[in-house]
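Inside the fold
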Amino acid sequence: MKKITLLLVCLIAGLTTSFAQSSGDKALGINLNYASERSFGIGARFQYNITDNVRIEPEFNYYFKHDYVSFWDLGANFSYLFPVASDVTLYPLVGIGYGHHKLHVEGNPTSGDFQAKFGAGAEFNIASNVKLIIEPKFQLIDGDNQFVITGGIAYCF
């Protein structure tokens, strides 16, 4: 219930204020991840500004095999953007997703669970259509929570 309330507050606030971002702005990016329980991974994201400062971001991440376990997740994050300088934007984020891990041993057991994500991020515009992204977040997965830090680059169009 707290997650839904936070999401609604972010959406309502986004409808009532305006910053330098524009609704309809889009970006496509790639990222490198480090997860406390999974090791390293790669990912891709698509960002779309619903309003001037509320964004939805579908993402896919794959974590390389570590201790005989590989992992991938697919989800969507919602962010509320706070431009703090002409080339810097900060944001909190909440998200939902599905995570799937596979144990690479005889019998190949696999399992998947829904997850919730909470974190924050910073974007730095390094060119008129390119930005760097840094994003620490927690992924809450049934019995298998982890801290993830992401660094990425995105092309804005």
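Keep in mind that what you see is a predicted model, and the values were worked out from it rather than measured. (Residues numbered from 1 in each chain as written. Predicted model: local features only at pLDDT ≥ 70, side-chain atom pairs only at ≥ 80, totals over all residues. Heavy atoms only, no water.)

**Some points on the environment of Val105**
We count it as follows: Counting from the N terminus, the helices are the DSSP runs of H or I reaching at least four residues and the strands are the DSSP runs of E reaching at least two.
Looking at where Val105 falls in the secondary structure, it is placed in the loop between strand S6 (88-103) and strand S7 (110-127). Spatially, the C-alpha atoms of Val105 and Tyr68 are 6.9 Å apart, while their sequence positions differ by 37 residues.

**Details of the pattern of salt bridges**
Pairs can form between side chains of opposite charge whenever their charged atoms are close. Filter applied, for reference: When a carboxyl oxygen of Asp or Glu lies within 4 Å of a side-chain nitrogen of Lys or Arg, that pair is called a salt bridge. Each residue gets one of three labels from its accessible area relative to the maximum for its type: buried under 20%, exposed over 50%, partly exposed in between, using a 1.4 Å probe on protein chains only.
Here the structure, examined in full by the defined rule, presents seven salt bridges. In this structure, Glu123 and Lys131 form a salt bridge, with 3.3 Å as the shortest nitrogen-oxygen distance. As far as the burial class goes, Glu123 and Lys131 line up, both buried. The salt bridge partner of Lys137 is Glu135, with a shortest N-O separation of 3.3 Å. Relative accessible area serves as the criterion here: at 2%, Lys137 is assigned to the buried category. What emerges from the salt-bridge pattern is a single network uniting Arg45, Glu57, Glu59, Lys117, Glu135 and Lys137.

**Let's talk about the confidence of the model for the protein chain**
Applicable threshold: pLDDT: the predictor's confidence for each residue, scored from 0 to 100. Every residue pair with non-hydrogen atoms within 4.5 Å of one another is taken to be in contact.
Residues at a pLDDT of 70 or more form 87% of the protein chain, whose mean pLDDT is 86. Averaged pLDDT values over the elements of the protein chain bottom out at 46 in helix H1 (residues 2-16) and peak at 97 in strand S1 (residues 26-35). In the model, residues 4-9 has pLDDT below 50 throughout and makes three contacts with residues more than four positions away in sequence or in other chains. Confidence drops under pLDDT 50 across residues 11-20; counting only partners more than four residues distant or on other chains, this segment forms 16 contacts.

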